Amino acid sequence: MEKRVFAILICTYILSICTLNAQVLTSEDSLASGLIERHQTTVLSGYGEAKYGLDTKRQSAEARLMRVVLFVGHKFSNNISLFTELELENALVAGANNDEGGGKGLGGISMEQAFLKFNFNPSLYLVAGLFIPRIGFLNENHLPTTFNGVDRPYLEQQIIPSVWREVGVGLYGQVRDVPGLNYSLALTNGLNSGNFSSSTGIGGGKQLGQATDGINLAVSGSLLYYFHNFRIQASAYLGGSTALEKRVADSLLLDGGAFGNPVSLGEMNVSYNHGPVNIRAIATYIHVAHASEINRAFANNTAEELYGAYGEVAYDLFYRYYKGEKMLAVFGRYEWMDLSAKVPSNGIDNPANRKQYLIGGLTYKPVRGVAVKADYVRRITGEFNPALIVTPFPQRVPYFKDNGFVNVGVAYNF
């Protein structure tokens, strides 16, 4: 028994340095990393988060259970495992006549992941089903206890969609001759450009494993390198966005091929973690090649180019005493993005899409797997283009170029 425990501890240490998972945090991570010794086992895990937020200019507030996710995994053998995540957002799903929700059931239920993992050897595996390609910081590692701030970083909501899952197959491996170097290559279904918008970019175009009419496909790949205290990643995506059967696409004068009306994305991120200090930065760029054709077909004001970046510094005030077992991190983050960097001739430029966020706050972790957060967010944008205002005063919600938000929240994972 002692030998088994010792072996598991050694594996955990090695994995925490240079393998596919930088830190084992949950039962799900242990299953993914092959640390569960039994030949067959079923694993239960999950995470959730809630927040209270105050809009200082509008003098309004929100209190909501943002999400609860239940993970169920099963190890069929040493080579085949199942991973599933079921997510409930915004607490309540209800119809208009549901008395319990007062007719305001704004929640949603969705599968966040559902895939099989096939291990070929200790450094190579394949996934098939609904999974999350390796793009950005948060898509693959989106537990709410692993990032600072009550809300996910805004760039990884508005530029890089999160959590961006699609149906397909993905190959993941390590380069044996270069310790710490990992790679991934995935083939998935593409996006739906009919749901793009000026304010949310390509995020509304995620198809999330739903039945679609088109034949559009996407390829994505990444290189991930662990070097001493650094984690360095670069990823790219190229996918079609015509989610329509050919006859409908033809009627709208859209290319209905597998990579028709392509969307390309590139991003690079780096993080440094040593003792009480954590530093991370990311930059990304998106190009929608046929934004003009998409606007002509759907009148959704799709931009041709979007880009952004952010940098964050955090310091753990408790590290000297608890070495990460407990944590009180003070952090600051600056985000900058432009969702309308280049607008086609049939689009409308909106200066409000040029945004800056200054975020500062605290993250307290009394134990591993629990986080209490507080932050202040200052958002600075350009003026909202009045040509895009369709709701007259006084029904129209006022827009403030310079606004502040106070947020507190709790999060857990197990």
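This write-up is about the structure you can find in this document. Counting starts from 1 at the beginning of each chain's written sequence and moves along it residue by residue. Restriction of local features to residues with pLDDT of at least 70 applies here, the model being predicted, together with a cutoff of 80 or more for giving and counting side-chain atom pairs; totals for whole chains, interfaces and linings are based on all residues. By convention in this description, side-chain values take in all heavy atoms of the structure and omit both hydrogens and water.

Thoughts on helix α5 (residues 291-298)
Residues of α5 that are buried include every one of A291, I294 and N295, and no others. Buried residues of α5, viewed axially, fall in a sector of 100 degrees; they line one side. In what follows, residue pairs with any heavy atoms lying within 4.5 Å of each other are defined as contacts. Helix and strand definitions follow DSSP, with helices as H or I runs of at least four residues and strands as E runs of at least two, each counted in order from the N terminus. Of the surrounding elements, those touching the buried residues of α5 are β11 (277-288). Positive phi appears at A299, one or two residues downstream of α5, with a value of about 50 degrees. Burial classes follow relative accessibility: with a 1.4 Å probe on protein chains only, a residue under 20% of its type's maximum area counts as buried, one over 50% as exposed, and anything between as partly exposed. What the arc measures is the spread of directions leading from the helix axis to the C-beta atoms.

So, unusual backbone geometry
Following S162, the chain continues to V163 via a peptide bond in cis, the omega torsion being -10 degrees. Among the secondary structure elements, V163 is positioned in the loop between α3 (155-158) and β6 (166-174). The backbone phi angle of A91 is positive, close to 70 degrees, even though this residue is not glycine. With respect to the element layout, A91 can be found in the loop between β3 (80-89) and β4 (108-121). A91 sits in the partly exposed class, given a relative accessible area of 44%. Not every positive phi belongs to a glycine, and K323 is a case in point at roughly 50 degrees. Take K323: it is sitting in the loop between α6 (319-322) and β13 (327-342).

Side note on the pairing of β13
Strands are labelled as partners when DSSP assigns at least two bridges between them. Note: strand β12 (residues 305-316) against β13, eleven bridges, orientation antiparallel. The residue of β13 that forms the bridge with A309 is W336.

Here we look at the packing of aromatic side chains
Side-chain rings of Phe, Tyr and Trp (the six-membered ring for Trp) are treated as a pair once their centres are within 6.5 Å; stacked means planes under 30 degrees apart, edge-to-face means over 60, and tilted covers the remaining angles. This structure, assessed with the given rule, holds 14 aromatic pairs. Arranged with centres 5.0 Å apart and planes meeting at 10 degrees, the rings of F83 and F115 form a pair that is stacked. One end of the pair, F83, is in strand β3; the other, F115, is in strand β4, and 32 residues separate them in sequence. By relative accessible area, F83 is classed as buried at 4%. Relative to Y272, the ring of F230 lies with its centre 4.9 Å away and its plane at 50 degrees, an arrangement referred to as tilted. Residue F230 is located in strand β9 (residues 230-239), and its partner Y272 is located in strand β10 (residues 263-274); the two are separated by 42 residues in the primary sequence. Of the residues examined, F230 reaches a relative accessible area of 35% and is grouped as partly exposed. Classification of Y272 as partly exposed rests on a relative accessible area of 23%. Ring-pair connections join several aromatic residues into one group, and the members of that group are F71, F83 and F115. Over the ring of F137 we find R280; its NZ or CZ atom is 4.3 Å from the centre of that ring. Over the face of the ring belonging to Y310 we find R333, whose NZ or CZ atom lies 5.8 Å from the ring centre. Only lysine NZ and arginine CZ atoms are considered, and such an atom sits over a ring when it is within 6 Å of the ring centre and within 35 degrees of the ring normal.

Examining the pattern of salt bridges
Salt bridge, as applied in this entry: a Lys or Arg side-chain nitrogen positioned within 4 Å of an Asp or Glu carboxyl oxygen. Evaluation of the coordinates by the stated rule reveals 17 salt bridges. The closest approach of N and O atoms between K51 and D151, which form a salt bridge, is 3.0 Å. In this pair, K51 is assigned in strand β1 (residues 41-55) and D151 in the loop between β5 (124-131) and α3, connecting sequence segments 100 residues apart. Grouping residues by exposure puts K51 and D151 together as buried. In this structure, the salt-bridge partner of K342 is E304, at a minimum N-O distance of 3.5 Å. With K342 in strand β13 and E304 in the loop between α5 and β12, this residue pair connects regions lying 38 residues apart in the sequence. Owing to a relative accessible area of 39%, K342 belongs among the partly exposed residues under this scheme.

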